[in-house]
Amino acid sequence: MPRGRYSLFDPHDHTPLGEEHFHCAPGPSGWRYTARTTIPSGGPAGSVDLTTDQLGRPIRMELRAGDWRVRGAALDGLTWVRTDPGGVHATEGHVRAQAFTGTSPAFLVATARLLRPAPGAPAVRVRVVALTDPVLAPRTLDQSWALARSETHPTDNGPLIVDEYQVTDLDTGERRPVHIAGDVVLAAPGVDLEELDSPPSAFPPAA
């Protein structure tokens, strides 16, 4: 069960946004990722709790940012409930989409697992619902994912396979590289892995 710490920053001007202290693990029914987030001064910012099934579909997702909260899951598309800071109003949403995304690196791992693009194959298109800090307002967008390369690196714990994905925002054409090993993001725009206390977990082969 890897535990570690990501630093989060604005991918454009590199302004620090805080840190995400996480642990994650695959299990017989899927994968779970939990984390607490902090602001740059170290104070609490929110939390992440994401569970996916064996195919990478989000079967339970809860995000907190300040006093905002969103709970969601895959249900005939994606369904979610967003609660305001006062807890008085809750708004429901539903769209024909496949995955959630947001600031947390957890969503990159989950989407890569969901799509599983093959090396050298055409990019895979996916519709996602983005939930971004500080108010977690939902926004639907289209991405494409392509597996650019996989490299094996020797380590003290055995070979480590690092996959480099090219993720493209189809609305803007912006392309970004995402490096993932197992269930841990090694680097991505706005994300750096700072600490990891054990090797990434390997997902079981696709059925």
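Quick look at the structure, then.

How each quantity is defined
Residues numbered from 1 in each chain as written. Predicted model: local features only at pLDDT ≥ 70, side-chain atom pairs only at ≥ 80, totals over all residues. Heavy atoms only, no water. Salt bridge = Lys/Arg side-chain N within 4 Å of Asp/Glu carboxyl O. Helix = DSSP H or I, 4+ residues; strand = E, 2+ residues; numbered from the N terminus. 1 Å grid on protein atoms, 1.4 Å probe; cavity = no way out; pocket = protein on both sides within 12 Å on 5 of 7 lines; lining within 4 Å. Points joined across faces, edges and corners; volume = space filled by probe spheres on them. Nonpolar A, V, L, I, M, F, W, Y, C, P; charged D, E, K, R; others polar. Phe/Tyr/Trp six-rings, centres within 6.5 Å; stacked < 30°, edge-to-face > 60°. Buried < 20%, exposed > 50% of the residue type's maximum accessible area, 1.4 Å probe, protein only. Contact = heavy atoms within 4.5 Å. Polar contact = N/O pair within 3.5 Å; in protein donor to acceptor, adjacent residues only side chain to side chain.

Enumeration over the complete set of coordinates arrives at 12 salt bridges. With a shortest N-O distance of 2.7 Å, Arg-96 and Asp-76 are connected by a salt bridge. Within this pair, whereas Arg-96 is found in the loop between β8 (90–95) and β9 (99–102), its partner Asp-76 is found in the loop between β6 (68–74) and β7 (78–83), the two being separated by 20 residues in sequence. Taken together, the shared-partner salt bridges in this structure form one network comprising Arg-32, Asp-49, Arg-60, Glu-62, Arg-64 and Arg-71.

Here we take up the layout of surface pockets. Taken as a whole, the largest pocket spans an internal volume of roughly 1,100 Å³. Around the largest pocket, the lining is made up of 43 residues, and of these Pro-11, Leu-17, Gly-102, Thr-103 and Thr-132 lie nearest the centre. Of the residues that constitute the lining of the largest pocket, the class distribution is 18 nonpolar, 16 polar and nine charged. In terms of lining, the second largest pocket is formed by 22 residues, of which the most central are Arg-113, Asp-163, Gly-182, Ala-202 and Phe-203. Elements supplying a minimum of two residues to the lining of the second largest pocket: α1 (106–115), β12 (160–169) and β13 (175–181). Split into classes, the residues belonging to the lining of the second largest pocket amount to 17 nonpolar, two polar and three charged.

This model, assessed by the stated rule, comprises six aromatic pairs. Note on Trp-31 and Tyr-33: the rings are 5.8 Å apart at their centroids and 45° apart in plane angle, and the pair reads as tilted. Take Trp-31 and Tyr-33: they sit in the same class, and that class is buried. Clustering of aromatic rings is evident, with ring pairs tying together Tyr-6, Phe-22, Trp-31, Tyr-33 and Phe-203.

To continue, consider the environment of Val-95. Along the chain, Val-95 turns up in strand β8. Val-95 sits in the partly exposed class, given a relative accessible area of 21%. Linking Val-95 and Thr-140, residues 45 residues apart in sequence, is a C-alpha distance of 8.1 Å.

Here Arg-32 lies in strand β3 (residues 30–38). Dropping the residues within four chain positions of it, Arg-32 is found in contact with His-23, Cys-24, Ala-25, Asp-49, Leu-50, Thr-51 and Arg-60. Within polar-contact distance, the side chain of Arg-32 engages the side chain of Asp-49 at 2.7 Å.

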